[in-house]
Amino acid sequence: MSTAATVSVPITSSNLRLPSSITSPSSFSLINPFKSSSSSFPKLTTTTSLIRNPNFRFSVSAMSVAAQETLSQTAFLDRRESGVLHFVKYHGLGNDFIMVNNLESMEPKVTPEQAVKLCDRNFGIGGDGIIFAMPGSNGTDYTMRIFNSDGSEPEMCGNGVRCFAKFIADLNNLHGRQSFTVHTGAGLIVPEIQDDGKVKVDMGEPVLKASDVPTKLPANKDQSVVKAKIEVDGVNWNVTCVSMGNPHCITFGGEGDENLVVDELNLADIGPKFEHHAMFPARTNTEFVQVFSRSHLKMRVWERGAGATLACGTGACAVVVAAILEGRSERNCTVDLPGGPLEIEWREEDNHVYMTGPAEVVFYGSVQL
């Protein structure tokens, strides 16, 4: 049930494309996309196509727009139907998430096993993870939890927290500049929606102490690992290790060759070897970085628990920290990711890292668990 490529335009019975073989949850419906600046979406009339398989029923609702009446986003997500999950799909530079209104409970509506199935891009909704908007804790406005596409639970996600902020604003029909305090596995995170719709996030202070990242690589600079050698699959790489609430290993190239051309990398081959390396006891996210100038970097990322993704917000932050530690960049940088650019600043006055970038709605939907 691959949906991402077919829902960016209004869905009609003539352009609805359905796979010939499906083994996904038994019922899935899509609702017409809406602009993130809007607090409501048009009333939808429905025609239904049905596919049958010996093992299940699968239905997709094809929608046409009637502009006279509107239904609030909150009303849609607040529906109570046994065994049905209502969600909104968001993306931050192509790093996409299934957003769930979980504000009535600290218990996720989806299990890690269900998350794996729902994130599958062929047999599920498709996504890099599922994010739950939960009640605040430790004095914060909200709590954010996330399950990766492999069912693991990371401490935090930079692109995810931008999507989280837009989701909360949409749920509460908020407009203009807004700020929230969010409790995450990485501690307090403060996203702020800007007047232009982008989200600026105070990501807090980077963690550099080797044992706290964590990495077993020996510290070589003030308890930190900066431009240290690591052997991966018989090749020596120079790496700097940074935690932005989750572990990152950043490399600008191998020994004797630091002019990395990231588009030439076989990420699917090398990425897992970094992620599962013995030097990273909690596994690691890995960023491969190309330097264009002291204010312009390009990266590709292999994310722990998600694989190659189009963007990684914490990774972009970690890259700029590593570039500064290695003397390669200024404190303000544009970081190009496959999904688009992020603006990253590591402020000297408060030691906090700030990330600014977009977050956009893709579509509403319902899936039977």
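Keep in mind that this is a model prediction, so the values were computed, not measured. (Residues numbered from 1 in each chain as written. Predicted model: local features only at pLDDT ≥ 70, side-chain atom pairs only at ≥ 80, totals over all residues. Heavy atoms only, no water.)

Considering all chains together, one arrives at 15 salt bridges under this definition. Among the ionic pairs, D128 bridges to R121, the shortest N-O distance being 3.0 Å. Residue class for R121 comes out partly exposed when judged on its relative accessible area of 37%. A salt bridge links D150 to R283, with the nearest nitrogen and oxygen atoms 3.8 Å apart. One end of the pair, D150, is in the loop between strand 7 (142-148) and helix 3 (158-171); the other, R283, is in the loop between helix 4 (267-275) and strand 15 (285-293), with 133 residues separating them in the sequence. Connected via shared salt-bridge partners are K89, D96, R121 and D128. (Salt bridge = Lys/Arg side-chain N within 4 Å of Asp/Glu carboxyl O. Buried < 20%, exposed > 50% of the residue type's maximum accessible area, 1.4 Å probe, protein only. Helix = DSSP H or I, 4+ residues; strand = E, 2+ residues; numbered from the N terminus.)

Before going further, it helps to examine the environment of A323. If you trace the backbone, A323 turns up in helix 5 (residues 313-325). The class of A323 is buried, set by a relative accessible area of 0%. Residues A323 and V226, spaced 97 residues apart in sequence, show a C-alpha to C-alpha distance of 9.8 Å. Residue contacts for A323: discarding those within four places in its chain leaves F252, L297, R328 and S329. (Contact = heavy atoms within 4.5 Å.)

Another aspect to go through is the nonpolar core. Soluble globular proteins tend to pack their nonpolar side chains together in the buried interior. Counting 57 residues, the largest nonpolar core has F164, M299 and I344 as its most contacted members. Ranked by residue count, the leading element in this core is helix 5, at 9 residues. Not counting residues up to four positions away in its chain, the partners in contact with I344 are A316, C317, V320, R331, N332, C333, V335, V353, Y354 and M355. Membership of the second largest hydrophobic core comes to 20 residues, among which are W237, L260, L265 and F274. (Core = buried A, V, L, I, M, F, W, Y, C linked by side-chain atoms within 4.5 Å.)

This part is about the packing of aromatic side chains. Across all of its chains, the model carries 8 aromatic pairs by this definition. Here Y142 and F180 contribute two aromatic rings whose centre-to-centre distance is 5.9 Å and whose plane-to-plane angle is 80 degrees, an arrangement assigned as edge-to-face. Separated by 38 residues along the polypeptide, Y142 in strand 7 and F180 in the loop between strand 8 (178-179) and strand 9 (182-184) bring together distant segments of the chain. A centroid spacing of 5.4 Å and a plane angle of 85 degrees characterise the contact between F274 and F288, whose relative ring orientation is edge-to-face. Here F274 is found in helix 4, whereas its partner F288 is found in strand 15, with 14 residues between them in sequence. Judged by relative accessible area, F274 falls into the buried class, the value being 0%. Residue F288 is classed as buried on the basis of its relative accessible area, which comes to 0%. Here the aromatic cluster, defined as three or more aromatic residues joined through ring pairs, consists of Y142, F164 and F180. Seen from the ring of W346, R331 lies directly overhead, with NZ or CZ sitting 4.7 Å from the centre. (Phe/Tyr/Trp six-rings, centres within 6.5 Å; stacked < 30°, edge-to-face > 60°. Lys NZ or Arg CZ within 6 Å of the ring centre and 35° of its normal.)

Moving on, we get to the pairing of strand 19 (residues 340-346). The side chains of a regular strand alternate between both faces of the sheet. Of all 7 residues in strand 19, 5 are buried, a share of seventy percent or more. Note: strand 18 (residues 332-337) against strand 19, 6 bridges, orientation antiparallel. From the neighbouring strand, L337 faces strand 19, where its bridge partner is G340. Linking two consecutive strands that pair antiparallel, namely strand 19 and strand 20 (residues 353-357), is a turn of 6 residues; a positive phi of about 65 degrees is found at N351 within it. (Pairing = 2+ DSSP bridges.)

A word on the pairing of strand 11 (residues 199-202). Bridge count between strand 10 (residues 187-193) and strand 11: 4 bridges; the pairing is antiparallel. Among the inter-strand pairings, I193 is bridged to a residue of strand 11, identified as V199. Linking strand 10 back to strand 11 in an antiparallel pair, the connection comprises 5 residues, with G197 at a positive phi of about 95 degrees. Bridge count between strand 11 and strand 20: 4 bridges; the pairing is antiparallel. Each bridged residue has a counterpart across the sheet, and for D202 the counterpart in strand 20 is Y354.

Over its 14 residues, helix 3 runs 20 Å from end to end, which matches the ideal 20 Å to within 8%, given 1.5 Å per residue. The buried fraction of helix 3 amounts to 14 of the 14 residues, a majority that puts the element mostly inside the structure. Immediately beyond the C-terminal end of helix 3, within one or two residues, lies N173, with a positive phi of roughly 55 degrees. (Expected span 1.5 Å × (residues − 1).)

Right, let's talk about the confidence of the model for the protein for a bit. Mean pLDDT over the protein works out to 83, with 78% of the residues at or above the 70 mark. Confidence drops under a pLDDT of 50 for residues 1-71, and excluding neighbours within four residues, the segment shows 163 contacts in the predicted structure. (pLDDT = per-residue confidence, 0-100.)

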